[in-house]
Amino acid sequence: MNEKLFSLPVINQITPYLSQRQVGELPVVVVAHPKVRAAVTLQGAQLIAWQPAGEKPVIWLSDKTAWNVGKAIRGGVPICWPWFGPAGEPAHGFARILPWTLTAHDENENSVMLTFELKSSEQTKKFWPHDFTLFARFRFSDRCEIELEAHGDFDATAALHSYFEVADIAGVKVSGLGPSYIDKVNNGVTGTSAEGKQTYPQRIDRIYTQPADCSVIDDKTGQRVIEVYHHHQSDVVTWNPGAELSCSMSDMANEGFKTMVCVETAHVSQPMKSAGEQPARLATTFRVRSKR
């Protein structure tokens, strides 16, 4: 899918490096820069591709995503807000299924920056009673920086639900997760991890509540390391559906679980507090390096 995104017909050439295209029913902003390629859908302001020059794709995207208006995209970096998981309807909040507006962009020889905005409306009030303005900012270069900023007066939970491409989940180890976690596969019981490391022999869905500021995805088979830096977080979530759940999901191939891992910068165990002139923030930075 990654290559297809960059060969889609251009609907509007916004700048030399920036264009609007269409994938299924969804408009997508495509970055084609000498140093980096990336793509963000207007629905959800969702990153669906990031690839520094000379690197393989870093962001995982399901081949079976429907690309329909109002339907969640499987893969990329969904913005889960103003709640995480099944705390309300729709699951993981409404920010990822509503259309955002591209309000600013900038570019230079090293990077491209995009800003998207979502404001409260009659539609959002059906889900949640609060007034808000939400910004999603992206900076694409040899690293990928994402910042979510929430203005208003409310508490919310959130996650930058990042899906990463790996060669084989059986050889993946994630470190820097910290000592304690909530195990969502095992009815929310708490557990401890002596080394703050996670492997994925079966379905894993854990909220690590005392994470380090950087998680490292060691993709042994793919011979590369993905560094995930967390900013303003209270938690880091890691997830892989395993074989059984992967087979039951209509928007994921049966073998889909083998080539992805989620390591998510999150605010789940403690809410993000937005108040007056003090917006709440959640941010992440990705870097990739070869082990060869």
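Just so we're clear, the structure is a prediction, and the values are computed from it rather than from any experiment. (Residues numbered from 1 in each chain as written. Predicted model: local features only at pLDDT ≥ 70, side-chain atom pairs only at ≥ 80, totals over all residues. Heavy atoms only, no water.)

1. Quick look at the nonpolar core
Reasoning step 1: Residues Leu 47, Trp 81 and Phe 140 are the most contacted members of the largest nonpolar core, which totals 60 residues.
Reasoning step 2: Ranked by residue count, the leading element in this core is strand E9 (residues 132-140), at five residues.
Reasoning step 3: Discounting residues that sit within four places of it in the chain, Phe 140 has contacts with Val 31, Val 36, Ala 38, Val 40, Leu 47, Trp 50, Asn 110, Ser 111, Val 112 and Leu 114.
Reasoning step 4: Val 23, Ala 39, Leu 61 and Trp 67 belong to the second largest nonpolar core, which has 13 residues in total. (Core = buried A, V, L, I, M, F, W, Y, C linked by side-chain atoms within 4.5 Å. Buried < 20%, exposed > 50% of the residue type's maximum accessible area, 1.4 Å probe, protein only. Helix = DSSP H or I, 4+ residues; strand = E, 2+ residues; numbered from the N terminus. Contact = heavy atoms within 4.5 Å.)

2. A few points about unusual backbone geometry
Reasoning step 1: The linkage connecting Trp 81 with the following residue, Pro 82, adopts the cis geometry, with an omega of 5 degrees.
Reasoning step 2: Residue position: Pro 82 is located in the loop between strand E6 (79-80) and strand E7 (101-107).
Reasoning step 3: Of note, the bond from Glu 89 into Pro 90 is cis; its omega dihedral lies within 30 degrees of zero at -5 degrees.
Reasoning step 4: Counting through the fold element by element, Pro 90 comes out in the loop between E6 and E7.
Reasoning step 5: Residues other than glycine seldom take positive phi values, yet Trp 67 does so here, at roughly 60 degrees.
Reasoning step 6: Residue position: Trp 67 is located in the loop between strand E5 (46-52) and E6.

3. Observations concerning the pattern of salt bridges
Reasoning step 1: Taken as a whole, this structure holds 15 salt bridges when the rule is applied.
Reasoning step 2: As a salt-bridge pair, Arg 37 and Glu 3 come within 2.8 Å of each other at their nearest N and O atoms. With a gap of 34 residues between them, Arg 37 in strand E4 (residues 36-41) and Glu 3 in helix H1 (residues 2-7) connect regions that are remote in the sequence. (Salt bridge = Lys/Arg side-chain N within 4 Å of Asp/Glu carboxyl O.)

4. Section: the packing of aromatic side chains
Reasoning step 1: Across all of its chains, the model carries 17 aromatic pairs by this definition.
Reasoning step 2: Consider the rings of Trp 81 and Phe 94, whose centres lie 6.0 Å apart with planes at 85 degrees: the pair is edge-to-face. Taken as a pair, Trp 81 in the loop between E6 and E7 and Phe 94 in the loop between E6 and E7 lie far apart in primary sequence, 13 residues in all.
Reasoning step 3: For Trp 81, a relative accessible area of 0% corresponds to the buried category. (Phe/Tyr/Trp six-rings, centres within 6.5 Å; stacked < 30°, edge-to-face > 60°.)

5. Some words on the pairing of strand E13 (residues 172-175)
Reasoning step 1: Only one face of E13 is buried, namely the one carrying Val 172 and Val 174, since none of Lys 173 and Ser 175 on the opposite face is buried.
Reasoning step 2: Sheet topology note: the E13/strand E17 (residues 214-219) ladder contains four bridges and is antiparallel. Looking across to E17, one finds that Val 174 is bridged to Ile 217. (Pairing = 2+ DSSP bridges.)

6. Considerations on the environment of Phe 140
Reasoning step 1: By the secondary structure assignment, Phe 140 is in strand E9.
Reasoning step 2: With 101 residues separating them in the primary sequence, Phe 140 and Ala 39 have C-alpha atoms 9.9 Å apart.

7. Examining the sheet that holds E4
Reasoning step 1: Pairing within the open sheet is antiparallel, and its five strands lie in the order E1-E2-E3-E4-E5. The two strands at the open ends of the sheet, each matched to only one other strand, are strand E1 (12-15) and E5. Neighbour to neighbour, the strand axes of the sheet diverge by 20 degrees on average, direction disregarded. (Axes fitted to C-alpha atoms, helices over the stretch in contact; angles between N-to-C directions.)

8. Quick word on the sheet that holds strand E10 (residues 144-152)
Reasoning step 1: Read across the open sheet, the eight strands follow the order E7-E8-E9-E10-E21-E18-E17-E13; overall the sheet is antiparallel. Here the strands that pair on one side only, and so sit at the sheet edges, are E7 and E13. When strand polarity is set aside, the average angle formed by the axes of neighbouring strands in this sheet is 15 degrees.

9. A few points about the pairing of strand E16 (residues 204-208)
Reasoning step 1: Most of E16 sits out of view: five of its five residues are buried.
Reasoning step 2: A two-sided burial pattern is seen for E16, the buried positions comprising Ile 204, Arg 206 and Tyr 208 on one face and Asp 205 and Ile 207 on the other.
Reasoning step 3: Looking at chain direction, strand E14 (residues 180-183) and E16 are connected through three bridges and run antiparallel. Bridge pairing in E16 links Tyr 181 to Tyr 208.
Reasoning step 4: In terms of strand pairing, E16 meets strand E19 (residues 235-240) through five bridges, oriented antiparallel. Bridge pairing links Ile 207 to Val 237 in E19.

10. Digging into the environment of Ser 141
Reasoning step 1: Residue position: Ser 141 is located in the loop between E9 and E10.
Reasoning step 2: Given the relative accessible area of 6%, Ser 141 is considered buried.
Reasoning step 3: Separated by 88 residues in sequence, Ser 141 and Ala 53 place their C-alpha atoms 9.0 Å apart.
Reasoning step 4: Discounting residues that sit within four places of it in the chain, Ser 141 has contacts with Val 36, Trp 50, Pro 52, Asn 110 and Ser 111.
Reasoning step 5: Polar contacts involving the side chain of Ser 141 include one to the side chain of Asp 142, which spans 3.3 Å. (Polar contact = N/O pair within 3.5 Å; in protein donor to acceptor, adjacent residues only side chain to side chain.)

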